[in-house]
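So the chains spell out like this:
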Amino acid sequence: MKTNSIKLFPPLIKIVTDVIHTINTDQLPIDKTLAPILKNKQLGSRDRRFIIEQTYDIIRNRSFFDSVLNHWKLPTDVPHQILVNLLNNDVQILNPEIISPNFKYTSEDLKNIKLTDSNQNSFPDWMEKEGRKDYGEEWDKIAQSLNESAKIYIRPNTLLTSAQTLQNKLSRDRIDTVKKDESLLLVKKDNLKNHKLYLKGHFEIQDWASQQVAILADIQEDQLVVDACAGAGGKTLHLAALLNQTGRIIASDFNDHRLKKLTYRMERAKANEIEIIDYDQLHIFEGNVDRLILDVPCTATGTIRRKPEIKWNVSEEKLKAYITTQQQILTKQSPLVKTGGLLIYATCSIFKAESEDQVKWFLANNKNFELVQEKRFLPHIDRCDGFYIGVLRKVS
């Protein structure tokens, strides 16, 4: 919060309460739940900021706030969570009595409470256990970083512009960025989806770690590239830009409705050479693919900074189901790769069971592939989503 003190208003508290109830009950994404509410013209900019910040912070820190309220013997409802969140942000509450009569706690009282690691990090117990298994004591730094607000990166579409040119043009519109490789990091969050350069296809909003998939694929001109888990096509568009209107790029996904946005995005990005093919027809390319991209479905726990609801919507059972799906995709699509070609396996999961361990499993069962390199991106180190990329070469 940018202010040191705040007066609470019951209508805003009710809006936040209703939004969080909907998110928790229907397991809906926060941004989609908030979108229609924030269009209410009766809400001022300060009201919108309060609703957004309280919603994200409470979903992000739910178990931490509940533990504090249990310690203070107060109800663990949304209005009381708002009180704890404001204290957690060192905000003085001018009228806490409208929520809790005789509420006398301060930010210092909050800091003096000692909680278990899982409650302090505000992750479900099973995620806490999985994280500590994978990272040991470093998990606390990872968890803390995942609880922070995400950085926003944009990827210049090199079919139409360059990073330097785009940076200069955005700067003239008072949108400041910092270059990170050929990516641009926004200095402050701006909604750029209505910006004229975005609408003209000059850039995509894509996390820096996600951009590394196409880069590590080491695309060469005139190659046959298959993106078999293309989704909405963010990486597909990047691959097309690197191919520079040469070669051939195929986009597919076993969940074909995820491809619906790609046609429009292709036209906007002037990447019309992308071909969309049914997932079950990819076998026609068997043994001929230079680069196979498998950005597989996963728990998406590496993206918790931008989608904190993932913490509470993903379970151990879902993790196991994703692991099975990932192995099925690897088994089904790896024969597409030609001898000497590369398979790029990627997940936006923080967990090794979906990432490093899956590559080990695949290599143990496919002796005709070898590991070329693997990269693990961590939010507290790389200032991006938690992400994994493994590059495998088919040797025979």
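Up top you'll find the structure we're talking about.
Everything quoted here is computed from the prediction, not taken from an experiment.

Asker: Got a minute to help me understand the overall build of the protein in this structure?
Answerer: Counting its regular elements, the protein contains 18 helices and 13 strands. The C-alpha radius of gyration of the protein comes to 23 Å, within 12% of the 21 Å expected for a compact globule of 396 residues. Taken along its principal axes, the extent of the C-alpha atoms in the protein is 75 × 50 × 30 Å. For the protein, the residues scored as buried account for 54% of the 396 residues in total. Counting only carbon and sulfur atoms, one obtains 48% of the accessible surface of the protein, whose full area is about 18,800 Å². Computing the positive centroid from 56 side-chain charges and the negative centroid from 52, the protein places the two 5 Å apart.

Asker: What am I meant to see in the packing of helix 2 (residues 30–38) against helix 3 (residues 45–60) here?
Answerer: When two helices pack together, their arrangement is given by the angle between their axes and by how far apart the axes lie. Taken N-terminus to C-terminus, the directions of helix 2 and helix 3 make an angle of 160°; their axes are 11 Å apart at the nearest point. By the angle class used here, helix 2 and helix 3 are roughly antiparallel. Taken as a pair, helix 2 and helix 3 cross one another with a handedness that is right-handed. Residues Ile30, Asp31, Leu34 and Leu38 of helix 2 pack against Arg48, Ile51, Ile52, Thr55, Tyr56 and Ile59 of helix 3. Classifying every residue of the contact of helix 2 with helix 3 gives 7 nonpolar, 1 polar and 2 charged.

Asker: What's the story with the side chain of Asn121 in this structure? I'm lost.
Answerer: Within the secondary structure, Asn121 is located in helix 7 (residues 117–121). Each residue touching Asn121, except ones within four places of it in the same chain, is listed here: Glu128, Arg132, Trp139, Asp140, Ala143, Asn147 and Lys311.

Asker: What exactly am I supposed to notice about the sheet that holds strand 9 (residues 274–276) here?
Answerer: Two strands in a sheet stick together by hydrogen bonds in their backbones, pointing the same way (parallel) or opposite ways (antiparallel). Overall, mixed pairing links the 7 strands, which are arranged 9-8-7-10-11-13-12 in an open sheet. Of all the strands in the sheet, the pair left with one neighbour each is strand 9 and strand 12 (369–377). When strand polarity is set aside, the average angle formed by the axes of neighbouring strands in this sheet is 15°. Where strand 7 (residues 224–227) lies against strand 8 (residues 248–251), 4 bridges are found, and the strand directions are parallel.

Asker: I tried to follow the side chain of Arg268 on my own but got confused; where do I start?
Answerer: Locating Arg268 in the fold gives a position in helix 14 (residues 260–269). Looking at Arg268, the relative accessible area reads 7%, which means it is buried. A distance of 2.6 Å separates the side chain of Arg268 from the side chain of Glu204, its partner in a polar contact.

Asker: Would you mind going over the pattern of salt bridges with me for this structure?
Answerer: Under the criterion given, the structure shown has 19 salt bridges. Arg60 is the partner of Asp57 in a salt bridge, and the nearest nitrogen-oxygen pair spans 3.2 Å. Within this pair, Asp57 and its partner Arg60 are both found in helix 3, separated by 3 residues, close to a single helical turn. Each member of the pair Asp57 and Arg60 is classed as buried. Put simply, Glu356 and Arg376 hold a salt bridge, and the shortest N to O gap is 2.9 Å. Taken as a pair, Glu356 in helix 17 (residues 356–365) and Arg376 in strand 12 lie far apart in primary sequence, 20 residues in all. Judged by its relative accessible area of 12%, Glu356 is buried. Residues participating in the shared-partner salt-bridge network are Asp207, Arg305, Arg306 and Asp385.

Asker: Explain helix 2 to me, please; I cannot follow it from the model alone.
Answerer: Each full turn of the α-helix corresponds to 3.6 residues, which orients residues three or four apart in the same direction. Listed as buried for helix 2 are Ile30, Thr33 and Leu34. Buried residues of helix 2, viewed axially, fall in a sector of 90°; they line one side. Pointing more than 90 degrees away from the buried face of helix 2 are the exposed residues Lys32 and Pro36. At its buried positions, helix 2 is contacted by helix 1 (10–26) and helix 3.

Asker: Sorry if this is basic, but what is going on with the environment of Asn88 here?
Answerer: Structurally, the position occupied by Asn88 is in helix 5 (residues 78–88). For the pair Asn88 and Ile274, spaced 186 residues apart in sequence, the C-alpha to C-alpha distance is 48 Å. Once residues lying within four places of it in the same chain are set aside, the contact partners of Asn88 are Phe64, Phe65 and Leu110.

Asker: In this structure, what is going on with the packing of aromatic side chains? I would like to understand it.
Answerer: By convention here, two paired aromatic rings are described through the distance between centres and the angle between planes. With the rule as written, the count across this model stands at 10 aromatic pairs. Here Trp126 and Phe351 contribute two aromatic rings whose centre-to-centre distance is 5.9 Å and whose plane-to-plane angle is 50°, an arrangement assigned as tilted. Of the two residues, Trp126 is situated in helix 8 (residues 125–135) and Phe351 in the loop between strand 11 (337–347) and helix 17; the sequence distance between them amounts to 225 residues. Like Phe351, Trp126 is buried. Measuring from ring centre to ring centre gives 5.6 Å for Trp208 and Phe377, while their planes differ by 90°; the resulting arrangement is edge-to-face. Here the residue Trp208 occupies a position in helix 12 (residues 208–216), and Phe377 occupies one in strand 12, the gap between them amounting to 169 residues. Assigned by exposure class, Trp208 and Phe377 land together as buried. Directly above the aromatic system of Tyr198 lies the positively charged group of Arg268, at a separation of 4.3 Å from the ring centroid.

Criteria and thresholds
Residues numbered from 1 in each chain as written. Predicted model: local features only at pLDDT ≥ 70, side-chain atom pairs only at ≥ 80, totals over all residues. Heavy atoms only, no water. Helix = DSSP H or I, 4+ residues; strand = E, 2+ residues; numbered from the N terminus. Rg over C-alpha atoms; globule rule 2.2 N^0.38 Å. Buried < 20%, exposed > 50% of the residue type's maximum accessible area, 1.4 Å probe, protein only. Areas by Shrake-Rupley, 256 points an atom, 1.4 Å probe, with all protein chains shown as cover. Lys, Arg positive; Asp, Glu negative; His and termini not counted. Charge placed at Lys NZ, Arg CZ, Asp CG, Glu CD. Axes fitted to C-alpha atoms, helices over the stretch in contact; angles between N-to-C directions. Parallel < 35°, antiparallel > 145°, perpendicular 65-115°, else oblique. Left-handed = near helix turned anticlockwise from the far one by under 90°. Contact = heavy atoms within 4.5 Å. Nonpolar A, V, L, I, M, F, W, Y, C, P; charged D, E, K, R; others polar. Pairing = 2+ DSSP bridges. Polar contact = N/O pair within 3.5 Å; in protein donor to acceptor, adjacent residues only side chain to side chain. Salt bridge = Lys/Arg side-chain N within 4 Å of Asp/Glu carboxyl O. Arc of directions from axis to C-beta. Phe/Tyr/Trp six-rings, centres within 6.5 Å; stacked < 30°, edge-to-face > 60°. Lys NZ or Arg CZ within 6 Å of the ring centre and 35° of its normal.

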